[in-house]
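Examination of the molecular architecture
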Amino acid sequence: MKRAAPALLLALATAAAVADTPAPGQVVLSCEAVYMPARSTWVREVRFSLDERRIRGVEIDGVPVYTFTVYDTLLLTALDNERIQLDTATLTWRSDFRGQATSEGRCERR
């Protein structure tokens, strides 16, 4: 289990209070990421499972991530060779496919 930084928990708790979450203790973000160099846009769903003190799990597009790291309001993880950085304060997505492609985009609470 990972301990969440207070700033990240505060940002996610605010998202849970503002948005209609699908289940108690969950926050869902919908991120529209533009992938370069192909210039294709993908909508990525990120689901956080929370308790009172920490993030219990993270799923991207319905797939649980193996591990994640929290730094202030950033969540860093990887899925299928894609290194992903989510900033919950600015609601932004950035990722890198091992230097072959990159993406950036905005997220919104669902």
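Quick note: structure is the one above.
Residues numbered from 1 in each chain as written. Predicted model: local features only at pLDDT ≥ 70, side-chain atom pairs only at ≥ 80, totals over all residues. Heavy atoms only, no water.

Right, let's get into unusual backbone geometry. Residue Pro-37 is reached from Met-36 by a cis peptide bond, and omega for that bond is 15°. Mapped onto the secondary structure, Pro-37 falls in the loop between β1 (26-36) and β2 (40-50). The phi torsion at Arg-39 lies on the positive side, around 60°, for a residue other than glycine. Position of Arg-39 among the secondary structure elements: in the loop between β1 and β2. For Asn-81, which is not a glycine, the phi torsion comes out positive at approximately 65°. Examined against the element boundaries, Asn-81 turns out to sit in the loop between β6 (74-79) and β7 (82-87). (Helix = DSSP H or I, 4+ residues; strand = E, 2+ residues; numbered from the N terminus.)

Quick look at the pattern of salt bridges now. Taken as a whole, this structure holds seven salt bridges when the rule is applied. The partner of Arg-56 in a salt bridge is Asp-51, and the shortest N-O contact between them spans 3.4 Å. Take Arg-56: its relative accessible area is 42%, and that puts it in the partly exposed class. In this structure Asp-51 comes out as partly exposed when scored by relative accessible area, which is 28%. In this structure, the salt-bridge partner of Glu-104 is Arg-94, at a minimum N-O distance of 3.5 Å. Taken as a pair, Glu-104 in strand β9 (residues 102-109) and Arg-94 in strand β8 (residues 92-96) lie far apart in primary sequence, ten residues in all. A relative accessible area of 43% means that Arg-94 is categorised as partly exposed. A single salt-bridge network, built from bridges that share partners, covers Arg-44, Asp-61 and Glu-82. (Salt bridge = Lys/Arg side-chain N within 4 Å of Asp/Glu carboxyl O. Buried < 20%, exposed > 50% of the residue type's maximum accessible area, 1.4 Å probe, protein only.)

What follows covers the pairing of strand β3 (residues 55-60). The sheet contact formed by β2 and β3 spans five bridges and is antiparallel. Bridge pairing links Ser-49 to Gly-57 in β3. From the end of β2 to the start of β3, which pair antiparallel, there are four residues. Where β3 lies against strand β4 (residues 63-64), two bridges are found, and the strand directions are antiparallel. Bridging across to β4, Glu-59 finds its partner in Pro-64. Linking β3 back to β4 in an antiparallel pair, the connection comprises two residues, with Asp-61 at a positive phi of about 55°. (Pairing = 2+ DSSP bridges.)

A separate point is the pairing of β7. Bridge count between β6 and β7: six bridges; the pairing is antiparallel. Each residue of the ladder has a partner; that of Leu-79, found in β7, is Glu-82. Note that β7 and β8 share five bridges and pair antiparallel. Across the sheet, Leu-86 pairs through a bridge with Trp-93, a residue of β8. As consecutive antiparallel partners, β7 and β8 are separated by four residues, and within that stretch Leu-91 has a phi angle of approximately 50°, a positive value.

Such coordinate-based values are descriptive only and should not be taken to indicate function.
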